[in-house]
Amino acid sequence: MHNSTAPEFVISASNLTKKYGDFVAVDGISFDVPPGEAFGLLGPNGAGKSTTMKMIGGVSQRTGGDLTIMGLDPEQHGPEVRAHLGVVPQQDNLDEELKVRDNLLVYGRYFGLPMSYLQPKADELLEFAQLSDKGKARVDALSGGMKRRLTIARSLINDPKILLLDEPTTGLDPQARHILWDRLFRLKEAGVTLILTTHYMDEAEQLCDRLIVVDKGRIMAEGSPAALIREHSTREVLELRFGSDRNATVGAELEGIGERLETLPDRVLIYAHDGEAALEQITARGLRPITSLVRRSSLEDVFLRLTGRSLVD
Amino acid sequence: MTQVLASNMSIEPSRRFLGSLYSGNVRAVFSRGVKATWGTNWAIMVSGFVEPVLYLIAMGIGLGSLVGEIAGPGGEPIAYAAYIAPALLAVSAMNGAVYDSTWNVFFKLNFAKLYEGMLYTSLGPLDVALGEILLALLRGAMYATGFTAVMGVMGLITSPWALLMIPASVVIAFGFASFGMAITSYMKTFQQMDWINFVMLPMFLFSATFYPLSVYPEPIQWFIQALPLWHGVELLRQLNVGVFGPDTLLHIVYFLVMILLGLVLTTFRLRKLFLK
């Protein structure tokens, strides 16, 4: 029997749309994710990232477009699709009435998995999450980082092929973030497809093979972190401070240096392929910035360029 | 080779009835509840059993010594305590079921985010609803058994039919639980939740619990007879003495309809809440 649905993508979204009344949360986005990829959704608050994640999990019904997860529509086949998904929601929703290890076992039972499988699996995951000695602890006795690791461990109880992570490290201290990144990297090496939303650019650069930048429900850019920086920013950025009162007026005197100039209230940014050379040009014009800094362009520059600097609520 | 990849990366759809709403795994939700309750809430469990017993002692024995005997379902006189005991059993079935399906569900729905987590697994909304209702029924069955035993010890049981009060209490609890859960799904704030108590307390006091329906003028009698608790009280009262009439069947049918309507509404609401 020939299986015509043999998908080369584990997730396929085309023209995916979600409206809440008049408000358009997701406005016709399309993307495909091949197996084993770490795929990121970047965007400011309210860009539609979490809504997209919910539609992938089949817990939010789309208003329009097509979506298949491993060949099935999650709306029609929610339970079967979710059997292969692991979900780490934005806010931990651990079962506070159960002990740490029971959280894993009971969650596994929701998938209909047998205890003979779950017992050793729970121990394995506790070790993976560095919580082996906390198995009998109460959930509310755990620190924020531990709860997050337990949530991730829980999401792996069914050996998911796809792991959905909605802002996995928001609110964690640097140590906890690095431990989490390490764990996620191991999963990626094991062939798990990672779908990740974040607004930490360093996180996206660390973890994602490819990402889309989303704003107001639309895709603004798509590519690998390096390709996006190449395409939307320069190699280096020169940051100059002339003092708050002078930054704005000095802008005119900097015309023509670098590829692009951006004047902010506290500093002036010059996007250039060679930052040191740009700085020399500036001093040659007789300008004396209070401080100057040359750095590599980051995903953050791309992000701010694409989604703007004004606050979105 | 393509076949191997295909079987790895695509899923076989199931052809289950109610596909995205139900996965046939009510047991997992139920046993989670048992585990959680045994772990943390057993004190609340015990208090739920003690409460009707206290009422029975205070009203039945205390007040009963002033009242003396009163006409039972068949017309023959029975002790006042034996008259109100089945009514208190019905009230406790109602209270337990309503607590479990309203406050408890409200909290899990809005604060603990428990259902959100469950619904990101293979479970469907109907699995969750049925599991939670079954849990409420288990609790109701335990209370009913305990209370019936107390009645027996106090000598308030005169017929072997009285044993059927236990399953009948579960049916009453089922009606209130399935309806309560549906109503809770509309609630957004604590103030709205208070309305539930506002309805429950008068229903408890006035559903012919402590005195016969005949004390009311006819229009009020009709109103009371439309309420579910009155049907529960009457059903258990008849079972306690083993005297039945055509209205016995009516009481049972009342609850069967209530259960069915409640389940349909709950499933519809959960779908709306969680698959929005």
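Here the structure is shown first, and the text comes after it.
The text that follows walks through the structure, step by step, so that each part is easy to find.

What follows is about the overall build of chain A. Scanning chain A from N- to C-terminus turns up 11 helices and 13 strands. Overall, the C-alpha framework of chain A stretches about 75 × 45 × 40 Å when taken along its three principal axes. Within chain A, the proportion of its 313 residues that are buried is 54%. Pairs at least 24 apart in sequence give 69% of the contacts found in chain A among residues at least 6 apart. For chain A, the exposed surface amounts to about 13,800 Å²; the carbon and sulfur share of it is 48%. When the 37 basic and 46 acidic side-chain charges of chain A are each reduced to a single mean position, those positions are 3 Å apart.

The subject of this paragraph is the sheet that holds strand 2 (residues 23-33) of chain A. Two pairing modes exist for strands in a sheet, parallel and antiparallel, and in both the strands are linked by backbone hydrogen bonds. Residues and elements named next belong to chain A. Here we have three strands laid out as an open sheet, ordered 2-1-4, and antiparallel in their pairing. Each edge of the sheet is formed by a strand with only one pairing partner; in this case those strands are strand 2 and strand 4 (64-69). The sheet shows a mean angle of 25° between the axes of neighbouring strands, taken without regard to direction. Looking at chain direction, strand 1 (residues 11-20) and strand 2 are connected through eight bridges and run antiparallel. Note on strand 2: the bridge partner recorded for I11 is V33.

Let us look at the environment of F204 of chain B. Residues and elements named next belong to chain B. Residue position: F204 is located in helix 9 (residues 190-206). A sequence separation of 22 residues divides F204 from A226, and the C-alpha atoms of the two residues are 14 Å apart. Contact partners of F204, with chain neighbours within four places excluded, come to Y55, L88, V91, T209, F210 and L229.

Before going further, it helps to spend a moment on the packing of helix 4 (residues 80-101) of chain B against helix 8 (residues 165-184) of chain B. All names here are of chain B. With their axes 8 Å apart at the nearest point, helix 4 and helix 8 run at an angle of 35° to one another. Between helix 4 and helix 8 lies a crossing of right-handed hand. Judged by residue contacts, P86, L89, A90, A93, M94, A97, V98 and S101 of helix 4 engage M165, S169, I172, A173, F176, A177, G180, M181 and T184 from helix 8. When grouped by side-chain class, the residues that make up the contact of helix 4 with helix 8 number 13 nonpolar, four polar and no charged.

Residues and elements named next belong to chain A. Looking at the element boundaries, L293 is found in strand 13 (residues 291-296). Since its relative accessible area comes to 44%, L293 is described here as partly exposed. With 24 residues separating them along the chain, L293 and L269 place their C-alpha atoms 9.7 Å apart. If we ignore the near neighbours within four places in the chain, the residues touching L293 are V237, L238 and E239.

It is worth spelling out helix 1 (residues 49-56) of chain A at this point. When you tally the buried positions in helix 1 of chain A, you get six out of eight residues, the bulk of the element. Looking at helix 1 of chain A, one finds that the buried residues are K49, T51, T52, M53, M55 and I56 of chain A.

Let us look at a nonpolar patch on the surface. Residue and element names in this part refer to chain B. A grouping of W42, V46, V50, L54, I57 and I61 is seen on the molecular surface, where their side chains present a nonpolar patch of about 580 Å² in accessible area. One can find V46 in helix 3 (residues 42-67). For V46, a relative accessible area of 44% corresponds to the partly exposed category.

On to the packing of helix 4 of chain B against helix 9 of chain B. Residues and elements named next belong to chain B. Between helix 4 and helix 9, the shortest axis-to-axis distance is 11 Å and the interhelical angle comes to 170°. Classified by the angle their axes make, helix 4 and helix 9 are roughly antiparallel. Seen from helix 4, the contacting residues are L88, V91, M94, N95 and V98; seen from helix 9, they are I196, M200, M203 and F204.

Here we take up the side chain of R269 of chain B. All names here are of chain B. Tracing the sequence through the fold places R269 in helix 12 (residues 246-274). Buried and without a salt bridge, R269 has E116 as its closest oppositely charged side chain, separated by 15 Å. Filtering out sequence-adjacent residues up to four positions away, R269 remains in contact with A182, S185 and Y186.

It is worth spelling out the environment of T248 of chain B at this point. All names here are of chain B. Among the structural elements, T248 can be located in helix 12. Judged by its relative accessible area of 10%, T248 is buried. Separated by 175 residues in the primary sequence, T248 and P73 place their C-alpha atoms 11 Å from one another. Beyond its immediate stretch of four places on either side in the chain, T248 contacts L235 and Q238.

Right, let's get into helix 4 of chain B. Its 22 residues place the ends of helix 4 of chain B 32 Å apart at the C-alpha level, agreeing with the 32 Å of an ideal helix rising 1.5 Å per residue. Helix 4 of chain B sits mainly inside the fold: 20 of its 22 residues count as buried.

A few words on the packing of aromatic side chains. Two aromatic rings are characterised by how far apart their centres lie and by the angle between their planes. Within this structure, the stated rule accounts for 14 aromatic pairs over all chains. Ring geometry for W161 of chain B and F244 of chain B: centres 4.9 Å apart, planes at 75°, overall edge-to-face. Here W161 of chain B, found in the loop between helix 7 (125-153) and helix 8, pairs with F244 of chain B, found in the loop between helix 11 (228-241) and helix 12; they are 83 residues apart in sequence, far enough to count as distant. With a relative accessible area of 43%, W161 of chain B lands in the partly exposed category. Classification of F244 of chain B as partly exposed rests on a relative accessible area of 36%. Ring geometry for F176 of chain B and F255 of chain B: centres 6.3 Å apart, planes at 55°, overall tilted. Pair noted here: F176 of chain B is in helix 8 and F255 of chain B is in helix 12, with a separation of 79 residues, a long-range link. Overall, the relative accessible area of 1% leaves F255 of chain B in the buried class. Here the aromatic residues Y107, Y110 and F111 of chain A are joined through ring pairs into a cluster of three or more.

About the cut-offs
Residues numbered from 1 in each chain as written. Chains lettered and ligands numbered in written order. Predicted model: local features only at pLDDT ≥ 70, side-chain atom pairs only at ≥ 80, totals over all residues. Heavy atoms only, no water. Helix = DSSP H or I, 4+ residues; strand = E, 2+ residues; numbered from the N terminus. Buried < 20%, exposed > 50% of the residue type's maximum accessible area, 1.4 Å probe, protein only. Contact = heavy atoms within 4.5 Å. Areas by Shrake-Rupley, 256 points an atom, 1.4 Å probe, with all protein chains shown as cover. Lys, Arg positive; Asp, Glu negative; His and termini not counted. Charge placed at Lys NZ, Arg CZ, Asp CG, Glu CD. Pairing = 2+ DSSP bridges. Axes fitted to C-alpha atoms, helices over the stretch in contact; angles between N-to-C directions. Left-handed = near helix turned anticlockwise from the far one by under 90°. Nonpolar A, V, L, I, M, F, W, Y, C, P; charged D, E, K, R; others polar. Patch = residues over 30% accessible without salt bridge, like charges linked within 9 Å, V, L, I, M, F, W, Y side chains within 5 Å. Salt bridge = Lys/Arg side-chain N within 4 Å of Asp/Glu carboxyl O. Parallel < 35°, antiparallel > 145°, perpendicular 65-115°, else oblique. Expected span 1.5 Å × (residues − 1). Phe/Tyr/Trp six-rings, centres within 6.5 Å; stacked < 30°, edge-to-face > 60°.

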